[in-house]
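Coordinate analysis (summary)
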Amino acid sequence: MIETYSQPSPRSVATGPPVSMKIFMYLLTVFLITQMIGSALFAVYLHRRLDKIEDERNLHEDFVFMKTIQRCNKGEGSLSLLNCEEIRSRFEDLVKVRTSVQN
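Residues numbered from 1 in each chain as written. Predicted model: local features only at pLDDT ≥ 70, side-chain atom pairs only at ≥ 80, totals over all residues. Heavy atoms only, no water.

The next subject is the overall build of the protein chain. Looking only at helices and strands, the protein chain features 3 helices and 0 strands. If you list the helices and strands of the protein chain from N to C, you get α-α-α. Looking at the protein chain residue by residue over its 103 residues, the buried ones come to 6%. About 10,200 Å² of surface is accessible on the protein chain, with carbon and sulfur atoms providing 61% of the total. (Helix = DSSP H or I, 4+ residues; strand = E, 2+ residues; numbered from the N terminus. Buried < 20%, exposed > 50% of the residue type's maximum accessible area, 1.4 Å probe, protein only. Areas by Shrake-Rupley, 256 points an atom, 1.4 Å probe, with all protein chains shown as cover.)

Per the UniProt record, "transmembrane region" (unreviewed entry) is found at residues 23–46. For the annotated span residues 23–46, helix accounts for 100% and strand for 0% of the residues, and the straight-line distance between the end C-alpha atoms is 34 Å. (UniProt positions renumbered as here; feature names shortened; annotations may be inferred.)

With 76% of its residues at a pLDDT of 70 or more, the protein chain has an overall mean of 79. When pLDDT is averaged over each helix and strand of the protein chain, the minimum, 75, is found for helix α2 (residues 61–74) and the maximum, 92, for helix α1 (residues 19–59). (pLDDT = per-residue confidence, 0-100.)

Residues D51, E54, D55 and E56 make up a contiguous surface patch of negative charge. When you line up the elements, D51 lands in helix α1. Since its relative accessible area comes to 33%, D51 is described here as partly exposed. (Patch = residues over 30% accessible without salt bridge, like charges linked within 9 Å, V, L, I, M, F, W, Y side chains within 5 Å. Salt bridge = Lys/Arg side-chain N within 4 Å of Asp/Glu carboxyl O. Lys, Arg positive; Asp, Glu negative; His and termini not counted. Charge placed at Lys NZ, Arg CZ, Asp CG, Glu CD.)

Another aspect to go through is α2. A rise of 1.5 Å per residue sets the reference length of α2, with its 14 residues, at 20 Å; its end C-alpha atoms lie 20 Å apart and thus fit the reference within 8%. Buried within α2 are the following residues: T68, I69 and C72. The buried side chains of α2 occupy one side of the element, clustering within an arc of 100 degrees when seen end-on. Set apart from the buried face of α2 by more than 90 degrees, the exposed residues are F63, N73 and K74. (Expected span 1.5 Å × (residues − 1). Arc of directions from axis to C-beta.)

The next subject is a nonpolar patch on the surface. Residues M21, F24, M25, L28, F31 and L32 make up a contiguous nonpolar surface patch of roughly 580 Å² in combined accessible area. As for its placement among the helices and strands, M25 is situated in helix α1. Residue M25 is classed as partly exposed on the basis of its relative accessible area, which comes to 42%.

Another aspect to go through is the environment of N83. Summarising the element assignment, N83 is placed in the loop between α2 and α3 (84–102). Here the alpha-carbon distance between N83 and C72, two residues 11 residues apart in the chain, equals 8.6 Å.

So this is what it looks like as structure tokens:
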């Protein structure tokens, strides 16, 4: 007897990645792009901020010096690497020279 029974053909297996993997890769890509853009914007902000501080410091050296003298007089000099006694003595010498020149 000849059997005419044929086996069912095997199901085709999906060759692409599953949907959950696609979603994960999409979210990871969006996160990385957002991170890069955010880092670039922060770098630009930080660079501009440092330029502004440098410009202020260059333009107002006298103001910075007077602020340093005030910190030394208030006793805040111990918190920094400044030698307040030396700065104070230089300032007093400068003031004495200026007052003697004006008189």
